[in-house]
Amino acid sequence: MIDLNINLDLLEGASSPIVVKLADLTKGCKKKPDMVKVRCSPNRSIFGNWCSGEEEVSIGFSPKFNIEEGEIWLIFPAENKAKRFFRPSSNSNTLLFTERCDQKCIMCSQPPKNKDYLYWDLYFSALKELPNKTFFGISGGEPLLEKEQLFELLRKVISIRPDLKFHILTNAQHFSSDDISELTSLNKNILWGIPLYSTNDAIHDKIVGKKGAFENLLGSMTVLYQSGAQIELRTVLLQQNVGYLSHIVNFIADKMPWISYWALMQLEPIGFARIEFLEKFYDHSQNFELVKLALDSAKIRGVTTKLYNFPSCTVNKPYRELSNKSISDWKNKFLDICSGCKEKQHCSGFFEWYNHTIGYQNLGTKYL
Amino acid sequence: MTNDAGNFFFGSSEIVQRLKENSIEPFFERFLFKKNFAFNNKNSLEYSSYAFNSALRRLTPNKLKYILVIPTLRCDLSCTYCQVSRASIKAKSFDWCDETVDRFIDFVNEYADTELKIEFQGGEPTLRLDLIKKIVDEVSKIRPSSTFIICTNLQNYSKELKNILHNKNVQISTSLDGSKKLHTQNRTKKMTSTEKFFTNLREVIKDIGHHRVSALPTISDFDQIMDVIKTYHSMGLNEVFLRPVNYQGFARKKHKESKNDVEKWIKAYCKAIDYIIEHNETEDQKIIETNLAIHLRRIFHPGQNGYVDLRSPNPVAQDYLVINYDGSFYPTDEARMLTRIGLIDLRIGSIKDGMDLEKINSLNQAQDNKNDKACKNCALQPFCGVDIIDKISRYQTVDYPTEKTYFCQFHMAVFTKIFDLFSKGDIRFLKTASLHLGGTYALSPALAGFNCD
Ligand code: SF4
Ligand code: SF4
């Protein structure tokens, strides 16, 4: 969800939050609703029409404004605010309803805050409007801190929209065996993204800043297995765990062969990751050996693997097919050296906040 | 020591004793937990992993993934051990008719998986490139990620064949028995034909690349096995599938197999593996041996159940099917030949009349090593397989004791060799094993920690 920098000037005196789905009026709109004027700053106007109440609301827009047909916005008239909930062309539409978390990972890209946005009815209305088969993210903070409400939302949405699939990022600290039956009914529509940073409990606990986290995590994994969950197990590459990557692979093959895949992720240089960055960031472009050892182990043990946020030219060729375009479009950039690179369309590129002076040493087409 | 999930470790007989007496020290107990041989309760990762892999090892695909098609039984060569009892090149009504092709496309549409592989066998399938082209074109429309393998003797590398190979999903498989002399002796009979074959093989490799060309030897003289490997290496073929001649069809009547032959083959094969291990240590261009790769995958990749020659249960006509030149269905190529020589009728339906479910069910009851007297007590059971058609073919009865079969003896020998090398921690073998499992030629922490001591 992204805050939209527009001023709303609603002609009708609406006060409770509403969901709007943008429709291109130039293509003709069948409904004959009341007019509403939404003014965006600076100096640009979009005109829309809407029907109030629970049902469908739509806004028309001027094609000059950089928005797409089918975008879904949440509008908070009282605060004169709007958030973009969904954008059809985006590769990462994500709902964030709490910024609280019970862990404090040393590389957290979105450090926890004591803030919630708990508009469950609104989210339900918005999710209902998603296009067929949308893969929709839920992240945080830790979304499972609102477990009851979240499960209820998912239950309601999935029952009327079984085509939707959710990618939920959770630290897996909050599942218990009481959740098994509920999870079993939801799990077909969910891919859980769960972080595991080491097979050594002390190291994992230290990285996530919570004592007992590792043990909790493993307990949750049993619950998730028993409820037929699909799991993306995520490991952020750090100097603190680079020596343990092969252990993680073997641990997965030994203890959790049923997960969907393992994602090895390069560090996102923002949030806590920026603090003592040089003590955390592991520049695999200078030394690929330990990563290679882990990727080989994964092949040998039959663990499906994906690399996230690894620019193609930093990955040894035989392993390049494992890398993904993993960075959300709105924070994805490429560098000057990338111009004319043939790999660009498959390459993850960089985070918007990537700082090359303290980034990868060996970069560019000559390493392809 | 193995379990149903395929977890394993090596220990001394003393350790077995301790297990029997239940006198397990903390260190040993931790080891058993690590290997999923022990768990606290069913709500544990140990038990979950054990249960999952045990089930996965017995799971077979339930849609057709591999269809072996015989568009014609005619052939322009007559190899000494011809497996198919071929028809002569001019013979009539040994080809698929147009109606069969149309029915086949409908059949694929209805029953085949999205990841479908079609292998064209013969006879010499390239005598009917028109049929192959039509099948490739039509199937690609309805199953776009299908791949095709044309098994040819490569006596002709025609323009039409080249045209079909423009499609990157089409691969070539051919027979290469070893040196030119050997190949002439076994197959072509004339040196000129052999020369032609070698020229064509080189050309096709040049045109479409090594990764789309595979060659298979049939080894009749076990002393020549090293020459076979060397020939493959010199042709730049990195993968070799060492298989002994398997007299089938009419040839089986002529060549009675003796117990001696099995032992001789196992010895030759093991020697060849030692040679490959040595070769890989010293040469840059590494060799992969297909049998070894299959056995290693059966150990380390639970769920690798697509190989019908080594899996259990091994249900027929579920994910793999042979369709003969006359449109009839067989569970395997061997079954087709057994039927042709009149030993037993293993036809299980046809493209016109559909599957004979009754017959398929009765065959499938025996296609499971869970119920076999010998396999029940064998530590290799989770990795091994079952093949009653091979049993019938060699011993004419399904009741022949498994431990005396070629199947059992060969696979037991290969698995035993592999486990032996793992238990010794043979460094060069560990690197070759990594290579065969999809890794690089290097030591890997994934292939360690098997010994309990
Ligand atoms: S040069 Fe740029 S676009 Fe090309 S592979 Fe490297 S990071 Fe990616
Ligand atoms: S090696 Fe022989 S006894 Fe053991 S499982 Fe295989 S066929 Fe059965």
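Residues numbered from 1 in each chain as written. Chains lettered and ligands numbered in written order. Predicted model: local features only at pLDDT ≥ 70, side-chain atom pairs only at ≥ 80, totals over all residues. Heavy atoms only, no water.

Q: Can you lay out the site of ligand 1 for me, pointing to particular residues and giving the numbers?
A: All names here are of chain A. In the vicinity of ligand 1, the residues found are Pro311, Ser312, Cys313, Phe334, Cys338, Cys341, Glu343, Lys344, Cys347, Phe350 and Gly364. When each cavity is represented as a set of grid points, ligand 1 is found to reside in the largest cavity. Grouping the constituent residues of the shell around ligand 1 by class yields 7 nonpolar, 2 polar and 2 charged. (Near = heavy atom within 4 Å. 1 Å grid on protein atoms, 1.4 Å probe; cavity = no way out; pocket = protein on both sides within 12 Å on 5 of 7 lines; lining within 4 Å. Sits in = over half its atoms within 2 Å of the grid points. Nonpolar A, V, L, I, M, F, W, Y, C, P; charged D, E, K, R; others polar.)

Q: Would you mind going over the site of ligand 2 in detail, with residue names and values included?
A: All names here are of chain B. Close to ligand 2 lie Ala374, Cys375, Cys378, Gln381, Cys384, Thr402, Cys408 and Met412, which account for all nearby residues. Listed by contribution, the elements that provide at least two residues to the shell around ligand 2 are α15 (373–376) and α17 (406–424). Among the residues forming the shell around ligand 2, the class breakdown is 6 nonpolar, 2 polar and no charged. (Helix = DSSP H or I, 4+ residues; strand = E, 2+ residues; numbered from the N terminus.)

Q: Break down the pairing of strand β6 (residues 72–76) of chain A for me, citing the residues and quoting the values.
A: Residue and element names in this part refer to chain A. Of all 5 residues that make up β6, 5 are buried, and the element is covered over most of its length. Here β6 shows two buried faces, one formed by Ile72, Leu74 and Phe76 and the other by Trp73 and Ile75. Counting the residues that bridge the hairpin from β6 to strand β7 (residues 81–86) gives 4 residues, and of these Asn80 lies at a positive phi of roughly 55 degrees. (Buried < 20%, exposed > 50% of the residue type's maximum accessible area, 1.4 Å probe, protein only. Pairing = 2+ DSSP bridges.)

Q: Now, about the interface of chain B and chain A: what can you tell me, with residues and values included?
A: Each side of the interface is counted separately: chain B has 26 residues, and chain A has 21 residues. In total, about 1800 Å² of surface goes out of reach between chain B and chain A, with carbon and sulfur atoms giving 56% of it. Taken together, the links from chain B to chain A amount to 1 salt bridge. Across the pair Glu46 of chain B and Lys255 of chain A runs a salt bridge, and its minimum N-O distance is 3.4 Å. Elements with a minimum of two residues in the side of chain B that touches chain A: α2 (26–34) and α3 (45–56) of chain B. Of the residues forming the side of chain B that touches chain A, the biggest block, 7 residues, is contributed by α3 of chain B. Grouping the amino acids of the side of chain B that touches chain A by side-chain chemistry returns 10 nonpolar, 12 polar and 4 charged. (Contact = heavy atoms within 4.5 Å. Buried area = accessible area lost by both parts, 1.4 Å probe. Salt bridge = Lys/Arg side-chain N within 4 Å of Asp/Glu carboxyl O.)

Q: Give me the lowdown on unusual backbone geometry, citing residues and values where you can.
A: Residue Gly141 of chain A is reached from Gly140 of chain A by a cis peptide bond, and omega for that bond is 10 degrees. With respect to the secondary-structure elements, Gly141 of chain A resides in the loop between β9 (135–139) and α2 (147–160). For Ala172 of chain A, which is not glycine, the phi torsion reads 55 degrees and is therefore positive. For Ala172 of chain A, the position within the fold is in the loop between β10 (165–169) and α3 (180–186). Positive phi is not limited to glycine here, since Leu154 of chain B has a value of about 55 degrees.

Q: I'd like to hear about the nonpolar core, residue by residue, with values.
A: Grouped together as the largest cluster of nonpolar side chains are 114 residues, with contacts concentrated most on Phe104, Leu242 and Phe422 of chain B. Here Phe422 of chain B is in contact with Phe10, Leu296, Phe300, Phe429, Leu430, Ala433, Leu447, Phe450 and Asn451 of chain B, once residues within four sequence places are set aside. Counting 73 residues, the second largest nonpolar core, distinct from the first, contains Phe97, Ile158, Phe251 and Ala294 of chain A. (Core = buried A, V, L, I, M, F, W, Y, C linked by side-chain atoms within 4.5 Å.)

Q: A description of the sheet that holds strand β12 (residues 230–236) of chain A should follow, citing residues and the corresponding values.
A: All names here are of chain A. Spatially, the 7 strands line up as an open sheet ordered β8-β9-β10-β11-β12-β13-β14, and their pairing is parallel. Each edge of the open sheet carries a strand with a single partner, namely β8 (94–96) and β14 (305–308). Adjacent strand axes in the sheet meet at a mean angle of 25 degrees when their direction is disregarded. Sheet topology note: the strand β13 (residues 261–265)/β14 ladder contains 4 bridges and is parallel. If you follow Ala263 over to β14, its bridge partner there is Lys306. Each of β8, β9, β10 and β11 (190–195) is contacted by α2, which is oriented at about 165 degrees to β10, the strand it contacts most. (Axes fitted to C-alpha atoms, helices over the stretch in contact; angles between N-to-C directions.)

Q: Which residues make up empty space enclosed by the protein, and what are the values?
A: Residues and elements named next belong to chain A. Taken as a whole and assessed by the stated rule, the structure comprises 5 cavities of 30 Å³ or more. Looking at the largest cavity, its volume works out to about 110 Å³. For the largest cavity, the lining is made up of 15 residues, of which Cys313, Phe334, Cys338, Cys341 and Cys347 are closest to its centre. Looking at the lining of the largest cavity residue by residue, the classes come out as 10 nonpolar, 3 polar and 2 charged. One number sums up the size of the second largest cavity: a volume of about 70 Å³. (Points joined across faces, edges and corners; volume = space filled by probe spheres on them.)

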